[in-house]
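# Close look at the chain arrangement
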Amino acid sequence: MSGRAKPGWLKMRPPSGRRFTEIKQSLRDRDLHTVCEEANCPNLGECWSGREGPGTATFMLMGDRCSRGCNFCDVQTGGMEQLDSDEPANVAEAVSEIGLDYVVLTSVDRDDLADGGSAHFAETIREIKARDSSILVEVLTPDFQGSPDAVRRILDAGPDVFAHNIETVERLQWPVRDRRAGYEQTLDVLQQANEESNVYTKTSLMLGLGEYHHEVYQTLSDLREVGVDIVTLGQYLQPSRTHLDVFEYVHPDVFETWREVAEEELDFLYCASGPMVRSSYKAGELFVDALLREERSIEQARNLVRAGGD
Ligand code: SF4
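Residues numbered from 1 in each chain as written. Predicted model: local features only at pLDDT ≥ 70, side-chain atom pairs only at ≥ 80, totals over all residues. Heavy atoms only, no water.

When helices and strands are tallied, the protein shows 12 helices and 10 strands. Taking all 310 residues of the protein together, 54% fall into the buried category. (Helix = DSSP H or I, 4+ residues; strand = E, 2+ residues; numbered from the N terminus. Buried < 20%, exposed > 50% of the residue type's maximum accessible area, 1.4 Å probe, protein only.)

Set out below in structure tokens:
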């Protein structure tokens, strides 16, 4: 389907404005990467400005080269850099300087590191919380090849939301994801986070890769089965001709139907679903909205989270 014109609902707005420039400058000053920029995310302007609530930015830890090669992803494979031991503190500094209320930390996969980079991830969470414990931290982690110790290291650092993406339905895991990733492995990681901590858990699905509706429904059900609270659904877009073709441009009405199914039938805390939605799309605003919808203040939610209440 590559080369076919994108439908009107996939038109992108270039980011602009004072806030955008400020954030960009702060990141460059500290030589930091964001997925927002690396992935050329269509929502960058909206997320960084955070008009109705906490601004959101997604920091990419551990360099911009990955040990894996997923066929939907534009990140470079191989040639990973040495970890920058100043990065955790630099990220925390940038977060305070920019004045973000909600931060997403993600990373490439680092199968080349003994702990998969989990200690570096955990230290970054601690650095941010040490400066301001009211900042909400979402971590979007690799699968650490399913290592429970690595996942536990992250959970012990005290994030507010633990995310790991399932990306697509079971039948399409290969060729969409690298062969080292897997459907059951991802469910296990999310289940561990749900069972071993009271953090909110989250995942993300791309549509338009050739999945059938019953497979999407089955995936959402499997995710609820392991206790996942939050799910996002967005349109797969082909980064280059060397990546997987787009099988279908899914209509916004179909995304809306999946949002209703996820929230009203399967009882996810919230579901962000739309052609332009990405895993961290307005993550801060939507998370806070969902808590308030549940008539819970962040503090109440946290206390509830910590007290293991429901
Ligand atoms: S593991 Fe993540 S960063 Fe690496 S290629 Fe796959 S999706 Fe991209």
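This paragraph deals with helix α9 (residues 213-225). The terminal C-alpha atoms of α9, which comprises 13 residues, lie 18 Å apart, in line with the 18 Å expected from a rise of 1.5 Å per residue. Taken together, the buried positions of α9 are Glu215, Val216, Thr219, Leu220, Ser221, Asp222 and Leu223. Just past α9, the residue Gly227 takes up positive phi, approximately 90°. (Expected span 1.5 Å × (residues − 1).)

What follows covers the environment of Arg126. By the secondary structure assignment, Arg126 is in helix α5 (residues 118-131). Sequence separation between Arg126 and Val137 is 11 residues; the distance between their C-alpha atoms is 10.0 Å. Among residues more than four places away in sequence, those in contact with Arg126 are Asp156 and Ala157. (Contact = heavy atoms within 4.5 Å.)

Bringing the pairing of strand β10 (residues 270-273) into the picture now. The alternating pattern of β10 places Tyr270 and Ala272 and Cys271 and Ser273 on opposite faces, both of which are buried. Inspection of the sheet shows strand β9 (residues 230-235) paired to β10 by 4 bridges, in the parallel sense. Looking across to β10, one finds that Leu233 is bridged to Ser273. (Pairing = 2+ DSSP bridges.)

Trp174 connects to Pro175 through a cis peptide bond whose omega is 25°. Take Pro175: it is sitting in helix α7 (residues 173-176). The backbone of Phe144 sits at a positive phi, close to 45°, despite the residue not being glycine. Checked against the element boundaries, Phe144 lands in the loop between β6 (136-140) and α6 (148-156). Located in the positive-phi region is Glu167, a residue other than glycine, with phi close to 70°.

Moving on, we get to the pairing of β6. Counting buried positions along β6 gives 5 out of 5 residues, so the element sits mostly inside the fold. What you see with β6 is no split at all: Leu136, Glu138 and Leu140 on one side and Val137 and Val139 on the other are buried throughout. Taken together, the 5 bridges between strand β5 (residues 102-107) and β6 define a ladder with parallel strand orientation. Residue pairing in the sheet places Tyr102 in a bridge with Leu136 of β6. Handedness of the crossover joining β6 and strand β7 (residues 161-163) through α6: right-handed. (Right-handed = clockwise from strand over helix to strand, strands pointing away.)

Glancing now at the packing of aromatic side chains. Aromatic ring pairs are described here by two measures, namely the spacing of the ring centres and the angle between the planes. In total, this model carries 0 aromatic pairs according to the counting rule given. If you follow Arg224 out to its NZ or CZ, it ends over the ring of Phe268, 5.4 Å from the centre. (Phe/Tyr/Trp six-rings, centres within 6.5 Å; stacked < 30°, edge-to-face > 60°. Lys NZ or Arg CZ within 6 Å of the ring centre and 35° of its normal.)

As a further point, take the packing of helix α8 (residues 183-196) against α9. Across the interface, α8 lies against α9 with an axial gap of 10 Å and an inter-helix angle of 35°. Here Tyr183, Leu187 and Leu190 of α8 come into contact with α9, specifically with Gln218, Thr219, Asp222 and Leu223. Of the residues contributing to the contact of α8 with α9, the split by class is 4 nonpolar, 2 polar and 1 charged. (Axes fitted to C-alpha atoms, helices over the stretch in contact; angles between N-to-C directions. Nonpolar A, V, L, I, M, F, W, Y, C, P; charged D, E, K, R; others polar.)

Turning next to a negative patch on the surface. Taken together, the side chains of Asp31, Glu81, Asp84 and Asp86 define an acidic patch exposed on the protein surface. For Asp86, the location among the structural elements is in the loop between β4 (76-77) and α4 (87-98). With relative accessibility at 48%, the residue Asp86 sits in the partly exposed group. (Patch = residues over 30% accessible without salt bridge, like charges linked within 9 Å, V, L, I, M, F, W, Y side chains within 5 Å. Areas by Shrake-Rupley, 256 points an atom, 1.4 Å probe, with all protein chains shown as cover. Salt bridge = Lys/Arg side-chain N within 4 Å of Asp/Glu carboxyl O. Lys, Arg positive; Asp, Glu negative; His and termini not counted. Charge placed at Lys NZ, Arg CZ, Asp CG, Glu CD.)

With that settled, the discussion passes to α8. Taking 1.5 Å per residue as the helical rise, α8 with its 14 residues ought to reach 20 Å, and the 20 Å between its terminal C-alpha atoms agrees with that figure. Taken together, the buried positions of α8 are Tyr183, Thr186, Leu187, Val189, Leu190, Gln192 and Ala193. In this structure, the buried residues of α8 make contact with α6, β7, α7, β8 (200-207) and α9.

It is worth stressing that arrangement in space is one thing and function is another; only the former is reported here.
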